[in-house]
Amino acid sequence: IVEMVGGGGGGGGSNPTAAGQVGMGGGGGGASYAKGRFTSAFSGLTVTVGAGGTAGTISGAGGPGGTSSLGALITAPGGSGGASFTSGAIIGATGAAGGVAGTGGNILQLPGQQAVTAIARFSDGALFGVSGGSSLFGMGPPAPFTSTHAAATPPAANAWGARGSGPSTGASQGGTSGAAGRQGIVVIYEFA
C-alpha cells in the first residue's frame with residue numbers, strides 16, 4: 001500500500017506599493033493525494049518525493065510543487081504557485097489551483113485544495129495575507145496579518161504537501177516575498 005502527496009505550491013510575493021495602494025501575494029495551491037494497493041510490478045521502481053514550490057520573490061509568482069510518485073505506478077502532482085497582485089484601495093488575491101488528481105490511486109485519489117481568495121482594503125489598515133492550505137498530512141500555516149499598513153510576512157508551511165502562504169503590503173511599502181510550499185511525502189507499507 002502506497003500513499004503520497006505532492007509538493008505544495010509556493011506563495012506569490014507582493015509588489016511594492018504607492019500611496020493609497022495595497023499589495024498581496026496569492027497563496028499557492030495544495031498538493032494532490034493518492035493511495036493505492038499493488039500486488040506486483042513495484043520492485044525496483046524509483047521513489048520520488050515532490051519538492052515544495054519556491055517562494056515568490058518581490059513582485060514574483062511562487063513556484064509549483066513537484067510530483068510525488070512510485071515510478072509510473074502511482075502519482076500525486078503538486079499545487080500551482082501563487083501570483084502577485086497590486087491594486088488601489090481594494091484588492092482581491094485569487095488563490096492558485098490545487099494539484100490535479102494523479103494516476104494509480106486505486107484506493108483514493110484526491111485533487112489538491114485551491115488557495116483561498118483574500119481581500120484587503122486600504123481604508124481599513126488591517127491587512128490579511130493568504131493562508132497556506134492544509135494537506136491530508138497536516139494543517140497549513142495561518143494568514144499573515146498587520147494592523148498598521150506595514151508589510152505582513154507569511155509564515156512557512158509546516159505540513160507535508162501544504163502550500164505556501166502569501167504576504168500583504170500596505171501603502172507606500174516595498175514588496176514582500178511569499179512563503180515556500182512544503183515538500184510532499186511518500187509512505188510505503190509492505191506486507192510479508
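For the structure itself, consult the block above.
Residues numbered from 1 in each chain as written. Predicted model: local features only at pLDDT ≥ 70, side-chain atom pairs only at ≥ 80, totals over all residues. Heavy atoms only, no water.

Enquirer: What should I look at first to understand a nonpolar patch on the surface in this one?
Expert: A contiguous nonpolar patch, built from Ile107, Leu108, Leu110 and Leu136 and spanning about 330 Å² of accessible area, is present on the exposed surface. Within the secondary structure, Ile107 is located in the loop between strand E8 (90–93) and strand E9 (108–110). Accessibility expressed as a relative area gives 43% for Ile107, which makes it partly exposed. (Patch = residues over 30% accessible without salt bridge, like charges linked within 9 Å, V, L, I, M, F, W, Y side chains within 5 Å. Areas by Shrake-Rupley, 256 points an atom, 1.4 Å probe, with all protein chains shown as cover. Salt bridge = Lys/Arg side-chain N within 4 Å of Asp/Glu carboxyl O. Helix = DSSP H or I, 4+ residues; strand = E, 2+ residues; numbered from the N terminus. Buried < 20%, exposed > 50% of the residue type's maximum accessible area, 1.4 Å probe, protein only.)

Enquirer: Just checking my understanding: could you explain the sheet that holds strand E6 (residues 74–76) for this structure?
Expert: Working definition: the strands of a sheet are paired by backbone hydrogen bonds and lie parallel or antiparallel to each other. The strand order across the open sheet formed by three strands is E4-E5-E6, and the pairing between neighbours is antiparallel. Edge positions in the sheet fall to strand E4 (47–48) and E6, since each of these pairs with one other strand and no more. (Pairing = 2+ DSSP bridges.)

Enquirer: Mind showing me how you'd approach the sheet that holds E9 here?
Expert: Here we have four strands laid out as an open sheet, ordered E9-E3-E1-E14, and antiparallel in their pairing. Among the strands making up the open sheet, the edge pair consists of E9 and strand E14 (185–188). Going across the sheet, the axis of each strand differs from the next one's by a mean of 10 degrees, ignoring polarity. (Axes fitted to C-alpha atoms, helices over the stretch in contact; angles between N-to-C directions.)

Enquirer: Would you explain the environment of Ile185 in this entry?
Expert: Structurally, the position occupied by Ile185 is in strand E14. For Ile185, a relative accessible area of 15% gives the class buried. Dropping the residues within four chain positions of it, Ile185 is found in contact with Glu3, Met4, Val5, Val49, Ser68, Phe137 and Trp160. (Contact = heavy atoms within 4.5 Å.)

Enquirer: Would you explain the nonpolar core in this entry?
Expert: Note that soluble globular proteins tend to have their nonpolar side chains buried in a common cluster. One finds Val2, Met4, Ala34, Phe38, Leu70, Ile74, Ala76 and Val186 forming the largest nonpolar core, which totals eight residues. Contributing elements (two or more residues each) for this core: strand E1 (2–5) and E6. Apart from residues lying up to four places away in sequence, Leu70 is in contact with Val2, Met4, Phe42, Leu45, Thr46 and Val47. (Core = buried A, V, L, I, M, F, W, Y, C linked by side-chain atoms within 4.5 Å.)

Enquirer: Is there a simple way to think about the side chain of Ser68 in this case?
Expert: Among the secondary structure elements, Ser68 is positioned in strand E5 (residues 68–70). A distance of 2.7 Å separates the side chain of Ser68 from the backbone oxygen of Val5, its partner in a polar contact. (Polar contact = N/O pair within 3.5 Å; in protein donor to acceptor, adjacent residues only side chain to side chain.)

Enquirer: It is not clear to me how the side chain of Thr17 should be interpreted in this structure. Could you clarify?
Expert: By the secondary structure assignment, Thr17 is in the loop between E1 and strand E2 (22–25). For Thr17, the side chain forms a polar contact with the main-chain nitrogen of Ser172, separated by 3.1 Å.

Enquirer: In this structure, what is going on with unusual backbone geometry? I would like to understand it.
Expert: Glycine aside, negative phi is the norm for most residues, and most peptide bonds take the trans geometry. Phi is positive for Ala41, which is not a glycine, with a value near 70 degrees. Turning to its location among the elements, Ala41 is positioned in the loop between strand E3 (33–36) and E4. The backbone of Ser59 shows a phi angle near 70 degrees, a positive value even though the residue is not glycine. Assignment of secondary structure puts Ser59 in the loop between E4 and E5. Taking the relative accessible area as the measure of exposure, Ser59 reaches 39% and is therefore partly exposed.

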